[in-house]
Amino acid sequence: MKYIQILFILLFIQINSYAQNSNKYEVFAIRFATEKGRISLSFAAAGASEKDSIQLCDMFWLLVGNGKHILVDAGYPLNDYNKDWDSIYIRPDSALLRINIKPEDITDIIITHPHEDHVGGVNLFPSAQIWMQKDDYDYFVGAAWQKNGFNEGFYKEDVKNIVNKNLEGKLTLIKGDSIEIYPGIRAFIGSRHTWESQYLLVNTKTDNVIIASDNSWFYYNLENLIPITHYLFDPIAYLNQLKRMRVLQPNVSLIIPGHDPLVFTKFPRVAEGIVKIR
Ligand SMILES: [Zn+2]
């Protein structure tokens with residue numbers, strides 16, 4: 001009898017530790033484009049001096065855990081919209097091969113917002129289930145293209161692609177704030193970078209990481225609590241979410257902005273253009 005009791009206890013401990021570990025993810029940032037020039041800091045941060053400049057890069061993120069390979073955003077392939085951007089570029093699926101991740105390995109893509117530099121690459125990963133905020137999707141495919149709609153940063157081909165994903169049953173729409181997508185991955189809204197852009201809080205073995213994406217372009221925005229100046233519906237809402245992210249994760253380094261090359265100097269490199277966040 002005692003033997004069986006011990007066996008049950010051991011089994012319970014094992015299941016419990018499995019459940020806990022399955023809620024933890026390894027988080028990687030993958031840089032796929034680096035702008036050759038610099039942009040004025042006043043473009044990136046309200047009230048900054050015209051004379052100061054900042055370098056910009058494009059990245060997406062990979063979460064590994066829970067039996068899944070989840071991308072946060074999908075980058076973009078070169079197309080009519082972006083082919084003249086002056087950057088050092090590698091296609092997102094090719095960048096992932098540097099850590100032996102093949103396109104068909106990607107199980108999910110969580111889109112933080114549907115600007116071309118974040119949603120353009122969805123077709124590069126044929127097996128992936130796409131996740132978006134419902135209100136962001138609705139605006140992207142609808143009101144953005146009506147009179148008085150705001151569609152700067154949107155690309156018509158991306159609209160068609162995401163509608164096709166929906167028709168194929170490969171799109172899951174979520175709605176609201178603090179929504180758990182998978183155990184250990186929670187989505188937050190409120191920044192209004194697009195109609196209803198989202199950011200993620202991800203559990204890792206050591207700490208929680210926030211993937212802010214463009215809900216903060218740079219560490220500069222987070223550190224100084226200064227909103228960006230373009231592509232936003234509500235600067236106060238954006239500022240309030242910068243503040244909220246810093247409450248959710250007081251260590252600013254672990255709040256990963258959408259376009260800051262500093263991400264690739266703060267964390268250990270695992271391959272060219274790829275760092276592990278920890
Ligand atoms: Zn962006």
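See the structure printed just above.
Residues numbered from 1 in each chain as written. Predicted model: local features only at pLDDT ≥ 70, side-chain atom pairs only at ≥ 80, totals over all residues.

Student: Please clarify how the overall build of the chain should be interpreted in this entry.
Tutor: A tally of regular secondary structure across the chain gives nine helices and 14 strands. In terms of overall dimensions, the chain is globule-like: its C-alpha atoms have a radius of gyration of 19 Å, near the 19 Å expected for 278 residues. In terms of principal-axis extent, the alpha carbons of the chain reach across some 75 × 40 × 35 Å. Among the 278 residues that make up the chain, the fraction classed as buried is 41%. Restricting to contacts in the chain with at least 6 residues of sequence separation, those with at least 24 account for 65%. (Helix = DSSP H or I, 4+ residues; strand = E, 2+ residues; numbered from the N terminus. Rg over C-alpha atoms; globule rule 2.2 N^0.38 Å. Buried ≥ 20, exposed ≤ 12 C-beta atoms within 10 Å, placed from the backbone. Contact = placed C-beta atoms within 7 Å.)

Student: Looking at this structure, I do not really get the sheet that holds strand β9 (residues 185-189). What am I missing?
Tutor: Strand-to-strand pairing in sheets goes through backbone hydrogen bonds, with the strands running parallel or antiparallel. Across the sheet, which stays open at both edges, the five strands sit in the order β8-β9-β10-β11-β12 with mixed pairing between neighbours. Every interior strand has two partners, whereas the edge strands, β8 (179-182) and β12 (255-257), have only one. Strand-to-strand twist across the sheet, computed as the mean angle between neighbouring axes with direction ignored, equals 25 degrees. Bridging between strand β11 (residues 208-213) and β12 involves three bridges; their strand directions are parallel. Considered in β12, the bridge of Ser213 is made with Pro257. Those strands touched by helix α8 (residues 235-248) are β10 (198-203), β11 and β12, and its axis lies near 165 degrees from that of β11. (Pairing = 2+ DSSP bridges. Axes fitted to C-alpha atoms, helices over the stretch in contact; angles between N-to-C directions.)

Student: Explain the environment of Pro268 to me, please; I cannot follow it from the model alone.
Tutor: Position of Pro268 among the secondary structure elements: in the loop between α9 (263-266) and β13 (269-271). With 8 C-beta atoms counted inside 10 Å, the residue Pro268 sits in the exposed group. With 218 residues separating them along the chain, Pro268 and Glu50 place their C-alpha atoms 33 Å apart.

Student: Please explain the pairing of strand β3 (residues 68-72) as it appears in this structure.
Tutor: Remark: a regular strand shows side chains that alternate across the two faces of the sheet. For β3, the tally of buried residues reaches four of five residues, placing the bulk of the element in the interior. Connecting strand β2 (residues 53-65) to the next strand, β3, in antiparallel fashion are two residues, including Asn66 with a positive phi near 60 degrees. Across three bridges, β3 lies against strand β5 (residues 108-110) in parallel orientation. Across the sheet, residue Ile70 finds its bridge partner in β5, namely Asp108.

Student: Whenever I open this one, the nonpolar core confuses me. Can you help?
Tutor: A general feature of soluble globular proteins is that nonpolar side chains tend to end up buried together. Ranked by size, the top nonpolar core spans 72 residues in total, and within it Ile30, Trp61, Leu71, Ile109, Ile210 and Ile211 carry the most contacts. Discounting residues that sit within four places of it in the chain, Ile109 has contacts with Leu71, Ala74, Val122, Phe125, Ala128 and Ile130. (Core = buried A, V, L, I, M, F, W, Y, C linked by C-beta atoms within 7 Å.)

Student: What should I look at first to understand α8 in this one?
Tutor: Along an α-helix, residues three or four positions apart point the same way, because every turn accommodates 3.6 residues. Here α8 is 14 residues long and its end C-alpha atoms lie 20 Å apart, about the 20 Å a rise of 1.5 Å per residue gives. Every buried residue of α8 is listed here: Tyr238, Gln241, Leu242 and Met245. All buried residues of α8 lie within an arc of 110 degrees about the axis, which places them on one face of the element. Set apart from the buried face of α8 by more than 90 degrees, the exposed residues are Ile236, Lys243 and Val247. Summarising the contacts, the buried residues of α8 are in contact with β10, β11, α7 (219-224) and β12. (Expected span 1.5 Å × (residues − 1). Arc of directions from axis to C-beta.)

Student: Sorry if this is basic, but what is going on with the environment of Ala95 here?
Tutor: Structurally, Ala95 can be placed in helix α3 (residues 92-97). For the pair formed by Ala95 and Glu272, sequence separation is 177 residues and the distance between their alpha carbons is 8.5 Å. Here Ala95 is in contact with Ile30, Phe32, Ile90 and Gly273, once residues within four sequence places are set aside.

Student: In this structure, what is going on with helix α6 (residues 156-167)? I would like to understand it.
Tutor: The terminal C-alpha atoms of α6 lie 17 Å apart, and with 12 residues this matches the ideal 16 Å at 1.5 Å per residue to within 8%. If you check which residues of α6 are buried, you get Asp158, Ile162 and Lys165. Mapping the buried residues of α6 onto a view down its axis gives an arc of 50 degrees, with all of them on the same face. Facing away from the buried side of α6 by over 90 degrees, the exposed positions are Lys156, Lys160 and Leu167. Each element contacted by the buried residues of α6 is listed here: α4 (116-119), β6 (129-133), α5 (134-141) and β7 (171-174).

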